[in-house]
Amino acid sequence: MGARRRRQRRAGRRQERRPQRSREARPAERSAAGAADAVLDAVPVEPETEPGDLLRTALKLQRRTEDVVREAVVAERERGTTWAEIGEVAGITRQSAHEKWYGDVHAWAAIGRSALPPHLKTLEVAAEADARYAGLRPDRPHAVTSGLDAVRFPGSHAYEASLRVRGSALHTRRTKLDARATKLNEAYSALHAHGPANAPIGDDPRAIDTHRGHADAVRANRLAIAAVHAEIATVYDQLVTAEPSLAEEHRTQSDWHRNASEQARGYADLLNDHS
């Protein structure tokens, strides 16, 4: 009973400290705002805590902070910060920074470079963030919106919106091509799993036809996957101009898929030479 009362008292104090927000505003909260709430919830430390509460709270704050760091890296790449510069700030090499956070940047690009649901507008959410920040710093009532390109450079919002529309269409196309590549690779695995035994063929016409038919099927599959990889590479080439801040990531992906296409086509040609 004593532990339950302590939890209820803590919940009541957290509720008093935390400013009330509308339900509509909650989906727009970013990790930084969530981390700020978590810090407020963690202080002052309760004199009577249950075993593990202090560590549990610290680990929760650590996870929140890691989210903020990942989003900061994405934001830096959006503004053109190089991987070498990010690595220098983080105290690691360019390669290590790229390996650590590239997946987050790539995932960000894949969802259309926006964490907001379609019904929310960036400027409206930024205005809500202004009000939140102004509660702490009344001398800066437009701390967030004043830094947006849409405010600093009138007309840029429409241009950015057009790029997002184009980028979204290209990512949709890439997703469909990825699905096609997955199916082709699954078919390729099935061909190897159920193909003829790797044994001497001899002069048996049926065995010769079976092996030749299998080789033709594998060759057709590899030519198809080569074509898909080439298409995906082209999509990434187009994303370079649609999402210029992520051009380095898109060029990397384009080179990878173009190389995969050449390898698959080379294997298909090798099968053709031996058929």
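Here is a short report on the structure shown in this document. (Residues numbered from 1 in each chain as written. Predicted model: local features only at pLDDT ≥ 70, side-chain atom pairs only at ≥ 80, totals over all residues. Heavy atoms only, no water.)

Overview of the overall build of the protein chain
Quick note on the threshold: Here a strand is any run of E in DSSP of at least two residues, a helix any run of H or I of at least four, and the numbering for each starts at the N terminus. Buried residues are those whose accessible area, probed at 1.4 Å on protein chains only, stays under 20% of the maximum for their type, while exposed residues exceed 50% and partly exposed ones sit between those limits. Throughout, a residue-residue contact means that at least one pair of heavy atoms, one from each residue, lies within 4.5 Å. Shrake-Rupley sampling with a 1.4 Å probe provides the accessible areas, and residues are treated as covered by the protein chains on show and by no other component.
Looking only at helices and strands, one finds 10 helices and zero strands in the protein chain. Listed N to C, the secondary structure of the protein chain is α-α-α-α-α-α-α-α-α-α in terms of helices and strands. Here the protein chain holds 275 residues, and the buried ones make up 26% of them. Within the protein chain, residue pairs in contact and separated by at least 24 positions form 66% of the contacts whose partners lie at least 6 positions apart. Per element, the accessible surface of the protein chain, about 17700 Å² overall, is 56% carbon and sulfur.

Points about the nonpolar core
The nonpolar side chains of a soluble globular protein tend to be buried with one another. Selection rule: Definition used in this section: a nonpolar core is a set of buried Ala, Val, Leu, Ile, Met, Phe, Trp, Tyr and Cys residues joined via side-chain atoms within 4.5 Å.
Counting 13 residues, the largest nonpolar core has L170, L177, I225, V228, I232, V235 and L239 as the members making the most contacts within it. Of all elements in the fold, only α8 (156–193) and α9 (205–242) reach the threshold of two or more residues within this core. Setting aside residues up to four positions removed in sequence, L170 forms contacts with V235, Q238, L239 and A242. The next biggest cluster of nonpolar side chains, apart from the first, holds 10 residues, and it includes V73, I86, A109 and L246.

Topic: the packing of helix α4 (residues 83–90) against helix α5 (residues 94–110)
In plain terms, the rule: With axes taken as lines fitted to C-alpha atoms, and helix axes fitted only over the stretch in contact, angles between N-to-C directions fall between 0 and 180 degrees. Angles below 35 degrees are treated as roughly parallel, those above 145 as roughly antiparallel, those between 65 and 115 as roughly perpendicular, and all remaining angles as oblique.
Where α4 meets α5, the axes come as close as 8 Å, and the angle between the chain directions of the two elements is 105 degrees. Overall, the two elements α4 and α5 adopt an arrangement that is roughly perpendicular. Contacts between α4 and α5 involve W83, A84, I86, G87 and A90 from the first element and R94, A97, H98, W101, Y102 and V105 from the second.

Comments concerning α4
The test is simple: This arc corresponds to the set of directions leading from the helix axis out to the C-beta atoms.
Of all the positions in α4, only W83, I86 and G87 are classed as buried. Viewed along the axis of α4, the buried residues span an arc of 100 degrees, placing them on a single side of the element. Among the exposed residues of α4, those pointing more than 90 degrees away from its buried face are E88 and V89. Where α4 ends, the next residue or the one after it, G91, has phi of about 75 degrees, a positive value.

A few points about the environment of L246
Following the sequence through the fold, L246 ends up in the loop between α9 and α10 (247–274). In this structure L246 comes out as buried when scored by relative accessible area, which is 0%. Each C-alpha atom of the pair L246 and H106 lies 8.6 Å from the other, and the pair is 140 residues apart in sequence. Every residue in contact with L246, bar those within four places of it in the chain, is listed here: R77, E78, V105, W108, A109 and R113.

A few points about the pattern of salt bridges
Stated precisely, the cut-off is as follows: One speaks of a salt bridge when a side-chain nitrogen belonging to Lys or Arg is within 4 Å of a carboxyl oxygen belonging to Asp or Glu.
On inspection of all chains with the given rule, the structure shows 10 salt bridges. E248 is the partner of R94 in a salt bridge, and the nearest nitrogen-oxygen pair spans 2.4 Å. Within this pair, whereas R94 is found in helix α5, its partner E248 is found in helix α10, the two being separated by 154 residues in sequence. A salt bridge links E231 to R180; its shortest N-O distance comes to 3.6 Å. Taken together, the residues span a long stretch of sequence, with E231 in helix α9 and R180 in helix α8 at a distance of 51 residues.

Points about the packing of helix α3 (residues 53–78) against α5
Between two packed helices, the angle of one axis relative to the other and the distance separating the axes together describe the packing. To be explicit about the condition: Each crossing is labelled by how the near helix is turned from the far one, with a counterclockwise turn of less than a right angle marking it left-handed and a clockwise turn marking it right-handed. Polar here means any residue other than Ala, Val, Leu, Ile, Met, Phe, Trp, Tyr, Cys and Pro, which are nonpolar, and Asp, Glu, Lys and Arg, which are charged; Gly is therefore polar.
The geometry of α3 relative to α5 is characterised by a closest axis approach of 9 Å and an angle of 65 degrees between their N-to-C directions. If you check the angle between α3 and α5, you find them roughly perpendicular. Here the hand of the crossing between α3 and α5 comes out right-handed. Counting all contacts with α3, which are made through V69, R70, V73, V74, R77 and E78, the residues of α5 involved are W101, D104, V105 and W108. Residues of the contact of α3 with α5, tallied by class, amount to six nonpolar, no polar and four charged.

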